[in-house]
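One-letter residues, chain by chain:
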Amino acid sequence: MSGPWTTGAGHPPLGRPGAGADRAAEPAATDLPWLEELQGRTVVVKFGGNAMVDPALYRTFAQDVVELWHAGLRPVVVHGGGPQISAMLDRLGLEVRFEAGLRVTTPETMDVVRMVLTGSVQRELVGALNAHGPFAVGLSGEDAHTMTAVRRPAWVDGRPVDIGLVGEVVDVEPRTVRTLLEEGRIPVISPVARGTDGAVYNVNADLAASALAVALEAERLVVLTDVEGLYADWPHSTEIIERLTAAQLDAMLPGLASGMLPKMEGCLRAVRAGVRRAQVIDGRVPHALLRGVFAENGPGTTVVPDAAAVAVGAHGPGADRDAGGDPDRSTSPRAEAEEVGA
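Here's what I pulled together on the structure shown here. Bear in mind that the values here come from a model prediction, so they are computed numbers and not experimental data.

Overview of the pattern of salt bridges
Summed over all chains, the structure comprises 16 salt bridges. The shortest N-O distance in the salt bridge between E168 and R152 comes to 2.9 Å. Of this pair, E168 sits in strand β9 (residues 166–172) while R152 is found in the loop between β6 (147–151) and β7 (154–156), placing the two residues 16 residues apart along the sequence. Considered together, E168 and R152 belong to a single accessibility category, that of buried residues. The partner of R178 in a salt bridge is E217, with the nearest N and O atoms 3.9 Å apart. Of this pair, R178 sits in helix α4 (residues 175–182) while E217 sits in the loop between α5 (205–215) and β13 (220–225), placing them 39 residues apart in sequence. Given the relative accessible area of 25%, R178 is considered partly exposed. On the basis of relative accessible area, E217 is assigned to the exposed category, the value being 67%. Counted as one network, the salt bridges with shared partners bring together R152, E168, E265 and R269.

Some thoughts on the packing of α5 against helix α7 (residues 261–272)
Helix packing for two helices is described by the angle between their axes and how far apart those axes are. Their axes nearest at 8 Å, the elements α5 and α7 cross at an angle of 10 degrees. By the angle between their axes, α5 is roughly parallel relative to α7. On α7, the residues that touch D206, L207, S210 and V214 of α5 are P262, K263, E265, G266, R269 and A270.

A few points about the pairing of strand β1 (residues 42–47)
Counting buried positions over the six residues of β1 gives six, a clear majority of the element. Taking every second residue as pointing to the same face, both faces of β1 are buried, with T42, V44 and K46 on one and V43, V45 and F47 on the other. As defined by bridge partners, β1 adjoins strand β2 (residues 74–79) across six bridges and the pair is classed as parallel. Paired with T42 across the strands is R74, a residue of β2. Taken together, β1, helix α1 (residues 55–70) and β2 constitute a β-α-β crossover, and its handedness is right-handed.

Side note on the sheet that holds strand β12 (residues 200–203)
Read around the closed barrel, four strands run β6-β9-β12-β11, paired in mixed fashion. Here the strands of the sheet are splayed against their neighbours by 60 degrees on average, with no regard to which way each runs. Summarising the sheet, strand β11 (residues 192–195) and β12 pair through three bridges and their orientation is antiparallel. By the bridge assignment, V192 is partnered in β12 with N202. α5 contacts β6, β9 and β12 of the sheet and is inclined by roughly 5 degrees relative to β9.

With respect to the packing of aromatic side chains
As enumerated under the stated definition, the model contains three aromatic pairs in all. Ring geometry for F47 and F61: centres 3.8 Å apart, planes at 5 degrees, overall stacked. A residue pair is termed long-range when its members are at least 10 positions apart, and F47 in strand β1 and F61 in helix α1 qualify at 14 residues. Comparing F47 with F61, the two get one shared label, buried. Put simply, the rings of F47, Y58 and F61 touch in pairs and so form one group of aromatic residues.

Basis of the calculations
Residues numbered from 1 in each chain as written. Predicted model: local features only at pLDDT ≥ 70, side-chain atom pairs only at ≥ 80, totals over all residues. Heavy atoms only, no water. Salt bridge = Lys/Arg side-chain N within 4 Å of Asp/Glu carboxyl O. Helix = DSSP H or I, 4+ residues; strand = E, 2+ residues; numbered from the N terminus. Buried < 20%, exposed > 50% of the residue type's maximum accessible area, 1.4 Å probe, protein only. Axes fitted to C-alpha atoms, helices over the stretch in contact; angles between N-to-C directions. Parallel < 35°, antiparallel > 145°, perpendicular 65-115°, else oblique. Contact = heavy atoms within 4.5 Å. Pairing = 2+ DSSP bridges. Right-handed = clockwise from strand over helix to strand, strands pointing away. Phe/Tyr/Trp six-rings, centres within 6.5 Å; stacked < 30°, edge-to-face > 60°.

What follows is the structure, encoded as structure tokens:
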């Protein structure tokens, strides 16, 4: 690669980000010889948390996504919008309620979810990306049957709880997204899905991103959140679990706090269905996305398939070494501050 802005294979020269972007904290793509192995590979990024409401973080996130594109990767962005939805519900005098980390979605709430996610949040994100060139194209899970969902209950204390029009993705039709990627575009997807029953469902963005990563045969799933990663022994320690296998995560899952549960569940589903690496990283840190994808030892918590625990360097020195540590000490991970369930 001749520089960090070299256009990757299969990418038409659509343009480059404007001058003046702050790159002091970014890893240099030219220093990563193993990056060639990621050329043309798909990376699904779930965008949410504080980075969505902090203007500076919003801008650096958009820069990072375009940087991935210029480095030859094929980014797909799935966004949340929990704070924006809650704010609009408050303005309209409608109840804001969560069960097991998922938003209770009445028909009235669903109208707001659809309006905010697809009509507001998505348009702003597409605009932020397109400030750097004609890259982003927005769509929702409803478009071209990209995502099909069924009604999903929540479980509280071992009992099912009706949370309304909240969907579980049961099918992904990736052709539209693949076509956009092949044309050199960056798809930006709202987690709203049509059901086989004709209803429209609110889908948790973490789980929507996971399902899309699997259907697109993505190399990586990266989930931005509002904590540093998965804590090993909260509140007794702030030590982050840097790496763990699918089996280790599976053993921990029942004890996770509700805010972190959908994120780690999405990571687990992804790596067990063929995604090579899933990461939960702190979106409050500028350029966390680039560090997560490019750095040899990325920030946050990385989940790898069980088979990768004994492999060495699938995509860089030490990239897929054993997670290490004892999963039994990770039974009380910290609850996450971000509202989950768009």
